[in-house]
Amino acid sequence: MLVGVDHVQLAAPPGSEDRLRSYYVDVLGMTEIAKPAVLAARGGCWFQAGAVHLHLGTEADFRPAKKAHPGLRVRDIEAYAARLVAQHAPVIWNDDLPGHRRFYSEDPVGNRLEFLEPDGP
């Protein structure tokens, strides 16, 4: 029986860890968490914000997915979008999901990210 999502893994090119840290920590407000030593040797980095865990692993032939993405719930989506814009991250609003406000952005290596907040209480 499934009980929850432990983490979402995204890919990134080797050597992009500093750019990823700048984006996920400084722009999104996440905290970097230490990888176990055996996994740290492979490169990449892990981030957390509350119960949200994102792992970024390196791939030699990395190409960002055009459609696949994590959907990340936020509170006060307007303020969160303004935070991204202030850090020069793209914000592309989309009104196609009834009952939600949402926008898309992408990290420095081209991974697509969806940010959404349900309408109402």
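The structure this text deals with has already been given above.
Structure report, in brief. Just so it is clear, the structure is predicted and the values come from calculations on it, not from any experiment.

### Looking at the overall build of the protein chain
(1) Moving on: Looking only at helices and strands, the protein chain features 3 helices and 8 strands.
(2) Moving on: Put simply, the protein chain runs from its N terminus to its C terminus through helices and strands in the order β-α-β-α-β-β-β-α-β-β-β.
(3) Moving on: Here the protein chain has a C-alpha radius of gyration of 15 Å; the compact-globule value for 121 residues is 14 Å, and the two agree.
(4) Moving on: Taking the principal axes of its C-alpha atoms as reference, the protein chain extends roughly 45 × 40 × 25 Å.
(5) Moving on: When the 121 residues of the protein chain are sorted by exposure, 37% land in the buried category.
(6) Moving on: Counting contacts in the protein chain only where the partners sit at least 6 residues apart, residues at least 24 apart contribute 53% of the total.
(7) Moving on: Roughly 7,500 Å² of accessible area belongs to the protein chain as shown, and the carbon and sulfur atoms make up 55% of that amount.
(8) Moving on: The distance from the centre of the 13 positive side-chain charges to the centre of the 16 negative ones in the protein chain is 3 Å.

### Some thoughts on the side chain of aspartate 107
(1) Moving on: With respect to the secondary-structure elements, aspartate 107 resides in the loop between strand E7 (100–106) and strand E8 (112–118).
(2) Moving on: Buried charged residue aspartate 107 carries no salt bridge. Nearest counter-charge: arginine 19, at 7.9 Å.
(3) Moving on: Within the structure, aspartate 107 has its side chain in polar contact with the backbone nitrogen of asparagine 111 (distance 2.9 Å).
(4) Moving on: Excluding residues that lie within four positions of it along the chain, aspartate 107 makes contacts with Leu20, Tyr23, Tyr24, Leu56 and Leu113.

### Details of the sheet that holds strand E5 (residues 71–73)
(1) Moving on: Taken together, the 4 strands give an open sheet; going across it, the order is E5-E8-E7-E6, and neighbouring strands pair in mixed fashion. The sheet terminates laterally at E5 and strand E6 (92–94), the two strands that pair on one side only. In this sheet, neighbouring strand axes are inclined to one another by 30° on average, regardless of whether the strands run parallel or antiparallel.
(2) Moving on: Helix H3 (residues 77–86) contacts E6, E7 and E8 of the sheet and is inclined by roughly 15° relative to E7.

Calculation rules
Residues numbered from 1 in each chain as written. Predicted model: local features only at pLDDT ≥ 70, side-chain atom pairs only at ≥ 80, totals over all residues. Heavy atoms only, no water. Helix = DSSP H or I, 4+ residues; strand = E, 2+ residues; numbered from the N terminus. Rg over C-alpha atoms; globule rule 2.2 N^0.38 Å. Buried < 20%, exposed > 50% of the residue type's maximum accessible area, 1.4 Å probe, protein only. Contact = heavy atoms within 4.5 Å. Areas by Shrake-Rupley, 256 points an atom, 1.4 Å probe, with all protein chains shown as cover. Lys, Arg positive; Asp, Glu negative; His and termini not counted. Charge placed at Lys NZ, Arg CZ, Asp CG, Glu CD. Salt bridge = Lys/Arg side-chain N within 4 Å of Asp/Glu carboxyl O. Polar contact = N/O pair within 3.5 Å; in protein donor to acceptor, adjacent residues only side chain to side chain. Pairing = 2+ DSSP bridges. Axes fitted to C-alpha atoms, helices over the stretch in contact; angles between N-to-C directions.

By themselves, these observations are geometric and do not establish any function.
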